[in-house]
There are 2 protein chains.
Amino acid sequence: MYRLPTMSINLPLINVNGVLDAAISPLDRGFAYGDGVFETCRYQHGSIPLWSYHRERLLHSAERLQIPVDESLLMQYLNSLLAQIAHSGIQGAVIKIILTRGVGGRGYRLPDFVKPTYCVGIFPCSQLQTDQYRDGVTVRVCNLRLAQSSALAGMKHLNRLEHILARAEWQDEFAEGLLLDEQGRVVEATVSNLFAVKNNQLYTPDLSAAGVAGIMRRAIIEKLAPELGIVCRIVDMELDFLKAADEIFLCNSVYGIWPVNQLVDDRQTTALSQTNYSEGQITHALQKQLAYLLGE
Amino acid sequence: MYRLPTMSINLPLINVNGVLDAAISPLDRGFAYGDGVFETCRYQHGSIPLWSYHRERLLHSAERLQIPVDESLLMQYLNSLLAQIAHSGIQGAVIKIILTRGVGGRGYRLPDFVKPTYCVGIFPCSQLQTDQYRDGVTVRVCNLRLAQSSALAGMKHLNRLEHILARAEWQDEFAEGLLLDEQGRVVEATVSNLFAVKNNQLYTPDLSAAGVAGIMRRAIIEKLAPELGIVCRIVDMELDFLKAADEIFLCNSVYGIWPVNQLVDDRQTTALSQTNYSEGQITHALQKQLAYLLGE
């Protein structure tokens, strides 16, 4: 079989409103106010797994923020980027789409005429390590508490200072940081959603007041768990419940599913505690189901 | 007396890292995550009133966000912009300073080496209308509730989606929108802080859980009110307290102090109510004191 020669491409490769390597206006409301949303997608073998979910979340979030989206334009820019890397030999990467309300004057008021900014980029992916899938990761409990905002909850919007401050609490000692809300309930981790297994029942935190409703979380709730005959309950989750769980795992669109082998609570306000989790059958079953979905 | 000829300058005029009309990288963390802070300052007759307060808030917020600031660089860029407009004939304008964590890779983690972005711009100012000072403005109660976050409260950071959504609730029928927190307490207005007068005592909401601690608010609490022998109490403020107040006023760095003549509560969840306020002696006294401070 004849193969096109691979072309060397340096990542990241970023396309702004259809123009490669273009820059952003300092008047862009994404820059001025974080006025927009984004998607972070896995790219593998020329396609984006779970694209229909990414697309739905992006459009739904834009609608909540009253940002008009020209989907054909978005797809044109995305396809143009995918075409550019199609013969590059790149197998695994991360696609990031940023959508903002575009250039606007000074002031919070929505511009009378909105021309959104579509920024589509492909980034190298360095996160995928086999031992994290197999042996699990260690997670700590962050000191930062997420604010509760029904207006913003669930969206992957560009207002990410809380997650940045939480991520700044540690260096490389832990794979992820668990985020609680101002009431002390479990919400998510900094770049992941979280699930717990207790007595063969699957649980994940309710995200109607805080957190990002992740694509992999949705895939687990709506596809992977039902395929295994498991029902997932969306609950208000206390940290004590998590500490008493049989299995915990994290998930996101890029790395998939990571078992958690240890939860470390070293917050200033609590006594140090370490909860260990043994290998989880349900976590492994979901990982297998995901690999099947991804054609791995 | 000889005057330099005035040069015509089109606003806005924006300087990014010392370069006029420069653009922002799509990898700038201000664009990607709203990872930064800003200041909006009044410019008049060649200077920025209350600059020492703006400077302090900017540096203090940057410190809270762990963004290293090279103050001499910031002042160099700001002074360069001020020099450019010094002979333009521009009397009143708005200076906006945006400081971000600069260019970084994908991911929330703080870059190992941070080179902040300093974006300094001057914008036209169209807000200053004599009748709003004299006769007061009408304010409505917004439906949107501000989230409570001790990590972010008080800062004028770049995560402004809540304020944008609140401002999108009305067009031009009202001068401002009052913002309550998730508990229903009064915090601020979309671009203003708020004060109430009851029995000759001055009150303003506590901002330790939500809101932007404005420069004019600080000037009123620390300078203008004490100069008049008035002590300001920082309190948890209920909406009913506001409705029963003798005077209410709004303030910010650009327009100064606006008396509120009517508060309209037309939220979906409440019966329509309109509270009218008569001319306020303390509000007027503070306006006079501010005019004196500004050399008007």
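In this text the structure is predicted, and so the values were computed from the model without any measurement.

**Concerning the relation of the copies chain B and chain A**
- For these two chains of identical sequence, chain B goes onto chain A by a turn of 180° and a shift of 0.0 Å along the axis, with RMSD 0.0 Å. The relationship between the two copies is best expressed as a two-fold rotation axis.

**A few points about helix α6 (residues 215–227) of chain B**
Residue and element names in this part refer to chain B.
- In this model α6 runs 17 Å from its N-terminal to its C-terminal C-alpha over 13 residues, within 8% of the 18 Å that 1.5 Å per residue would give.
- At I221, α6 shows its largest bend, some 40°.
- Three or more residues of α6 are buried, namely I215, M216, R217, A219, I220, I221, L224 and A225.
- Positive phi appears at G229, one or two residues downstream of α6, with a value of about 75°.

**A look at the sheet that holds strand β5 (residues 117–123) of chain A**
Residues and elements named next belong to chain A.
- Pairing in this open sheet of 5 strands is antiparallel, and the strands run β2-β1-β5-β4-β3 from one edge to the other. Pairing within the sheet leaves two strands with one partner each, and these edge strands are β2 (19–20) and β3 (36–44).
- Both strand β1 (residues 13–16) and β5 contribute to a ladder of 4 bridges, which runs antiparallel. Bridge pairing in β5 places L13 opposite I122.
- Against the sheet, helix α3 (residues 71–85) makes contact with β1, β4 (92–100) and β5, and its axis sits at roughly 25° relative to β5, the strand it touches most.

**Details of the interface of chain B and chain A**
- Counting residues at the interface gives 44 residues for chain B and 44 residues for chain A.
- Of all the elements in the fold, those that place two or more residues in the side of chain B that touches chain A are β1 (13–16), α1 (29–33), β4 (92–100), β5 (117–123) and α5 (161–167) of chain B.

**With respect to helix α8 (residues 281–293) of chain A**
All names here are of chain A.
- In a regular helix each residue adds 1.5 Å, so 13 residues correspond to 18 Å; α8 covers 18 Å between its end C-alpha atoms and thus fits that length.
- Where α8 is concerned, the buried positions are T283, L286, Q287 and Q289. Summarising the axial view, the buried residues of α8 lie within an arc of 165°, below the 170-degree limit, and thus occupy one face. Away from its buried face by more than 90 degrees, α8 exposes Q281 and Y292.
- Elements in contact with the buried residues of α8: α4 (130–135), β9 (193–198), α6 (215–227), β13 (247–252) and β14 (256–265).
- Positive backbone phi, at 70°, marks G295, one or two positions downstream of α8.

**Points about the domain arrangement of chain A**
Residues and elements named next belong to chain A.
- When cut into domains, chain A gives domain 1 (13–123) and domain 2 (130–293).
- When each unit is reduced to the centre of its C-alpha atoms, the spacing between domain 1 and domain 2 is 26 Å.
- Contact with domain 1, which involves 17 residues of that partner, is made by 10 residues of domain 2.
- Elements with a contribution of two residues or more to the side of domain 1 that touches domain 2: β3 and α2 (51–64).
- If one sorts the elements of the side of domain 1 that touches domain 2 by residue count, β3 sits on top with 7 residues.
- Within the side of domain 1 that touches domain 2, the residues separate by chemical class into 6 nonpolar, 6 polar and 5 charged.

**Quick notes on the packing of helix α2 (residues 51–64) of chain B against α6(B)**
Residue and element names in this part refer to chain B.
- Two elements in contact, α2 and α6, have axes separated by 10 Å at closest approach and are oriented at 120°. The angle between α2 and α6 places the two elements in the oblique class. The two elements α2 and α6 meet at a crossing, and its hand is right-handed. Residues Y53, H54 and R57 of α2 form the contact with α6, whose own contacting residues are I215, R218 and A219.
- Tallied by class, the residues present in the contact of α2 with α6 amount to 3 nonpolar, 1 polar and 2 charged.

**Here's the deal with the confidence of the model for chain A**
- For chain A, mean pLDDT is 94; residues scoring 70 or higher make up 97% of the total.
- Here the predicted complex carries an ipTM of 0.95, next to a pTM of 0.96.

**Digging into the environment of Y255(B)**
- For Y255(B), the position within the fold is in the loop between β13 (247–252) and β14 (256–265).
- Overall, Y255(B) belongs to the buried group, with 20 C-beta atoms counted inside 10 Å.

**A few points about the sheet that holds strand β2 (residues 19–20) of chain B**
Residues and elements named next belong to chain B.
- Taken in spatial order, the 5 strands of this open sheet run β2-β1-β5-β4-β3, and their pairing is antiparallel. The open sheet is flanked by β2 and β3 (36–44), the only strands paired with a single partner.
- Where β3 and β4 come together, 9 bridges link them in antiparallel fashion. Paired with F38 across the bridge in β4 is I98.
- In the packing of α2 onto the sheet, the strands contacted are β3 and β4, and the crossing angle to β3 comes to about 175°.

**Some thoughts on the environment of L13(B)**
Residue and element names in this part refer to chain B.
- Take L13: it is sitting in strand β1.
- A residue is classified by how many C-beta atoms lie within 10 Å of it, and L13, with 18 of them, is partly exposed.
- On a C-alpha basis, the gap between L13 and F123 in space is 6.9 Å, while along the polypeptide they are 110 residues apart.
- Residues within four places of L13 in sequence aside, it is in contact with L81, Q84, I85, G121 and I122.

**Overview of unusual backbone geometry**
Residues and elements named next belong to chain A.
- Residue P12 is bonded to the preceding L11 through a cis peptide linkage, with omega at 0°.
- Considering the arrangement of structural elements, one finds P12 in the segment before β1.
- Even without a glycine there, the phi angle at N200 is positive, about 60°.
- Mapped onto the fold, N200 is located in the loop between β9 and β10 (201–205).

**Some thoughts on the pairing of β10(A)**
All names here are of chain A.
- Judged from the 3 bridges that link them, β9 and β10 form a sheet pairing that is antiparallel. Paired with A196 across the two strands is Y203, which belongs to β10.
- Counting the residues between successive antiparallel strands, the hairpin from β9 to β10 contains 2 residues, one of them, N199, with a positive phi of roughly 50°.
- Alignment of β10 against strand β11 (residues 232–235), held across 4 bridges, turns out to be parallel.

Rules of the game
Residues numbered from 1 in each chain as written. Chains lettered and ligands numbered in written order. Predicted model: local features only at pLDDT ≥ 70, side-chain atom pairs only at ≥ 80, totals over all residues. Least-squares fit on C-alpha atoms with pLDDT ≥ 70 in both. Helix = DSSP H or I, 4+ residues; strand = E, 2+ residues; numbered from the N terminus. Expected span 1.5 Å × (residues − 1). Bend = angle between axes of the 7 residues up to and from the residue. Buried ≥ 20, exposed ≤ 12 C-beta atoms within 10 Å, placed from the backbone. Pairing = 2+ DSSP bridges. Contact = placed C-beta atoms within 7 Å. Axes fitted to C-alpha atoms, helices over the stretch in contact; angles between N-to-C directions. Arc of directions from axis to C-beta. Domains from an automatic or database assignment. Nonpolar A, V, L, I, M, F, W, Y, C, P; charged D, E, K, R; others polar. Parallel < 35°, antiparallel > 145°, perpendicular 65-115°, else oblique. Left-handed = near helix turned anticlockwise from the far one by under 90°. pLDDT = per-residue confidence, 0-100.

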